[in-house]
Amino acid sequence: MQTLAEERGGPFAGQPLPWLICALVAAGANTWAVLALTARQSKWKPLELLMCALGGAHALNTALPIAMYAVLQLRKRASASYQWNEGLCKVFVSSFYTLTLVTCFMVTSLAYHRMWMVRWPVNYRLGEPRKQVLQTLTGVWLVAFLLCALPAVGWHDTSQRFYHGRCDFIVAKVGLGFAVCFLLLLAGGLTMGIVCVVVALAQTLRASRHSEPTVPRIVVEDVHGKRRASLDGSEPPRTSRQLTALVTALVLLYTLLAGAPMLAVSLVSVRDDIDEPWMIAVMVWCSLGQALIFPSALTLCKRYRAGWKAVRTVCISLLASDEDEWPGKRLHYDAGYEDANFEMPNGSDAGPAGDETCDGRDNMAEYFPETYTLHGLRQVERMQFLQVRLQVI
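First, a word on what this report is: a plain description of the structure on this page. Every value quoted in this text rests on a predicted model; they were computed, and no experiment measured them.

1. Here we look at the packing of aromatic side chains
What the rule picks out here adds up to 14 aromatic pairs. Pairing Y69 with W84 gives two aromatic rings, centres 5.7 Å apart and planes at 35°, and the pair type is tilted. Within this pair, whereas Y69 is found in helix 3 (residues 46-78), its partner W84 is found in the loop between helix 3 and helix 4 (86-119), the two being separated by 15 residues in sequence. Judged by its relative accessible area of 6%, W84 is buried. Here Y69 and F92 contribute two aromatic rings whose centre-to-centre distance is 5.0 Å and whose plane-to-plane angle is 20°, an arrangement assigned as stacked. Remark: F92 occurs in helix 4 and Y69 occurs in helix 3; sequence separation between them is 23 residues. One exposure class covers both Y69 and F92, and it is buried. Of the aromatic side chains, those joined through ring pairs into one cluster are W19, Y69, W84, F92, F96, Y97, F169, F178 and F182.

Written out as structure tokens, the structure is:
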């Protein structure tokens, strides 16, 4: 017996196979993007951590709920008597909306951290941004999971359950309370992301036209001149423009191609209390589209593009689980430092974009601080050294 969606579906009824193919492609593309980011980073920064988390969320979204939905729909088309299992439907709805909210919050966090970086650079560097990113990731996953797991344990419309016969995953059919919470969080995330990216873009353009005060690079040393910690200085103008343009593109494309359509469909379903086949198609295609935005943007950005050899090296290092095999790790030890976040000079800035951020004296002070600072040589501009006495127990 055909479902109501298949009876009225028209051109939307025969899409499970394209959904499955696109889901597998998107999962592979996002996995490749995460590995490419890993291959290009020897010193992880907060923005790169958020990008990896976003790529991981996309890969999970396409590999689990979207692929599961496509496979079960294909099975249902092959056997007219097949019905959705209650447990599978609950798992699909909870995982689909959890990863949808996680993706929205990740994009918003990217815009917020970029705005914080370019608008208040000193406060950003002194505010432990990496720790803030880890706390953000924990909070995002916790909030999304707690809200979206509630329909599976009983917070849904008891008069017409969404998992009976077929899996009605449009928010209006799940429950009014869940729909209102989902709409508020999605709309809030989209609005905050747009505001943050506009502020970041305006600040970056203003800084490129006017000379902005530079942020000093602070290096903490012990009394023997050995480097213990450091805070990065100002970004080169080219790097700042590249990163702001990348974050702006991700936020705007996500808002136009995924966030806004999902919000509109959810609002229409709640207002009219309907579950049309075109709504299902829009929700699924928007999820697939947002998963393809991220790897496409990274491929077009030279800063984070990596070849298959570099990705293969990362995969071998991950499988070997040997810290000494990571790129740049042996160089850090050869330089005589214990700081694993140290980078070797390669004529570029802190990232792999190839922007000039320091001259030879900066490299000299960075890798030989005991010679450069304790023997009376000149200190470099935009670099401050702090000496701390370490207590030996």
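There's plenty left to go through after this.
2. Some points on the environment of R217
Relative to the helices and strands, R217 resides in strand 1 (residues 217-222). Sequence separation between R217 and S234 is 17 residues, and the spatial gap between their C-alpha atoms is 7.6 Å.

3. Some thoughts on the side chain of S266
Here S266 lies in helix 9 (residues 237-272). Those residues within four positions of S266 in sequence are excluded, and the remaining contacts are V171, F182, L183 and M283.

4. Describing unusual backbone geometry
Backbone geometry places E128, a non-glycine residue, at a positive phi of 50°. Mapping E128 onto the fold places it in the loop between helix 5 (121-126) and helix 6 (129-153). Positive phi, normally seen in glycine, also occurs at D273, with a value near 55°. Relative to the assigned elements, D273 resides in the loop between helix 9 and helix 10 (277-300).

Rules of the game
Residues numbered from 1 in each chain as written. Predicted model: local features only at pLDDT ≥ 70, side-chain atom pairs only at ≥ 80, totals over all residues. Heavy atoms only, no water. Phe/Tyr/Trp six-rings, centres within 6.5 Å; stacked < 30°, edge-to-face > 60°. Helix = DSSP H or I, 4+ residues; strand = E, 2+ residues; numbered from the N terminus. Buried < 20%, exposed > 50% of the residue type's maximum accessible area, 1.4 Å probe, protein only. Contact = heavy atoms within 4.5 Å.

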